[in-house]
Amino acid sequence: MNDIQNQGDLYLLVDEFYKKLLSDDTISYIFTDVVKIKLEEHLPILVTFWSQAILGTGGYTNNLTQIHLDVNAKEYLSPELFKIWLNHFYNTVDENFKGPKAEQIKTQALSIGTIMQIKIKNERS
Ligand code: HEM
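Residues numbered from 1 in each chain as written. Predicted model: local features only at pLDDT ≥ 70, side-chain atom pairs only at ≥ 80, totals over all residues. Heavy atoms only, no water.

- The protein chain appears in an unreviewed UniProt entry as Group III truncated hemoglobin from Flavobacterium rivulicola.

This is the structure:
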């Protein structure tokens, strides 16, 4: 099994990841009802984001935390949902890639997810 090497690999990763998210009823409604994402527009944005984070390319300029606070304002993004999200993300990485970048992307997802949850908690208190 190879490590994550290029944007093609990241596309495969986010594509497989969203297949899991969208086929899991416990979280899919966020992407289909709360925010109606268009996969063909959404996936390339995810690739740009992860490419910047993992491959050191540029190009992602959105405020990721604010985007999730906006989702949270419509529907509470609970710790349980973060657990489900991260679980699918880890499984998708592990099923397809092995190596330092694969470890790095999981660690980054966890730390970004943790920061998002702290911000969400602060908004509620
Ligand atoms: C409970 C967990 C999560 C849920 C339910 C969730 C849901 C969503 C939704 C609905 C969008 C689309 C927002 C929109 O277009 O208005 C989105 C965008 C995005 N999410 Fe998440 N998210 C979660 C956690 C995370 C985490 C932990 C990361 C990164 C480590 C992440 C990365 C992204 C990225 C890169 C985008 C694209 C933002 C953009 O359009 O620039 N998400 N998420």
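With respect to the site of the ligand
Move 1: The environment of the ligand is made up of 22 residues, and the closest members are Tyr60, Asn62, Leu64, His68 and Trp85.
Move 2: At 2.6 Å, a side-chain N or O of tyrosine 60 approaches an oxygen atom of the ligand.
Move 3: Take histidine 68: an N or O atom from its side chain is 2.8 Å from a nitrogen atom of the ligand.
Move 4: Mapped onto the shell around the ligand, the elements with two or more residues apiece are helix 2 (25–34), helix 3 (39–55), helix 4 (64–74), helix 5 (79–96) and helix 6 (100–124).
Move 5: Top element by residues in the shell around the ligand is helix 3. It accounts for five residues.
Move 6: For the shell around the ligand, a count of residues per class yields 18 nonpolar, four polar and no charged. (Near = heavy atom within 4 Å. Polar contact = N/O pair within 3.5 Å; in protein donor to acceptor, adjacent residues only side chain to side chain. Helix = DSSP H or I, 4+ residues; strand = E, 2+ residues; numbered from the N terminus. Nonpolar A, V, L, I, M, F, W, Y, C, P; charged D, E, K, R; others polar.)

Regarding the side chain of threonine 92
Move 1: Mapped onto the elements of the fold, threonine 92 is located in helix 5.
Move 2: What makes threonine 92 buried here is its relative accessible area of 0%.
Move 3: In this structure threonine 92 touches Leu13, Glu16, Phe17 and Lys20, once residues within four positions along its chain are discounted. (Buried < 20%, exposed > 50% of the residue type's maximum accessible area, 1.4 Å probe, protein only. Contact = heavy atoms within 4.5 Å.)

A look at the nonpolar core
Move 1: Counting residues in hydrophobic clusters, the biggest one holds 33 residues, and the most contacted among them are Leu13, Ile30, Trp50, Phe89 and Ile105.
Move 2: Apart from residues no more than four positions distant in its own chain, tryptophan 50 is found in contact with Leu10, Val14, Leu55, Phe89, Ile105, Gln108 and Ala109. (Core = buried A, V, L, I, M, F, W, Y, C linked by side-chain atoms within 4.5 Å.)

Observations concerning the packing of aromatic side chains
Move 1: Counted by the stated rule, this structure contains eight aromatic pairs.
Move 2: Here phenylalanine 17 and tryptophan 85 contribute two aromatic rings whose centre-to-centre distance is 4.9 Å and whose plane-to-plane angle is 85 degrees, an arrangement assigned as edge-to-face. With a gap of 68 residues between them, phenylalanine 17 in helix 1 (residues 7–22) and tryptophan 85 in helix 5 connect regions that are remote in the sequence.
Move 3: The class for tryptophan 85 is partly exposed, based on a relative accessible area of 23%.
Move 4: With centroids separated by 5.1 Å and ring planes inclined at 80 degrees, the aromatic side chains of phenylalanine 49 and tyrosine 60 adopt a geometry described as edge-to-face. Here phenylalanine 49, found in helix 3, pairs with tyrosine 60, found in the loop between helix 3 and helix 4; they are eleven residues apart in sequence, far enough to count as distant. Note on accessibility: phenylalanine 49 and tyrosine 60 belong to one class, buried. (Phe/Tyr/Trp six-rings, centres within 6.5 Å; stacked < 30°, edge-to-face > 60°.)

Some words on the pattern of salt bridges
Move 1: Applying the stated criterion across every chain yields a total of four salt bridges.
Move 2: Among the salt bridges present, the one from glutamate 103 reaches lysine 106, with a minimum N-O distance of 3.2 Å. Placement of the pair is glutamate 103 and lysine 106 together in helix 6, with a separation of three residues, close to one helical turn.
Move 3: Residue classification places lysine 106 among the buried positions, given a relative accessible area of 10%. (Salt bridge = Lys/Arg side-chain N within 4 Å of Asp/Glu carboxyl O.)

Quick word on helix 4
Move 1: Burial in helix 4 covers these residues: Thr65, Leu69, Val71 and Asn72. Viewed along the axis of helix 4, the buried residues span an arc of 160 degrees, placing them on a single side of the element. Turned more than 90 degrees away from the buried face of helix 4 sit Ala73 and Lys74, all of them exposed.
Move 2: Check the buried side of helix 4 and you find it contacts helix 2 and helix 6. (Arc of directions from axis to C-beta.)

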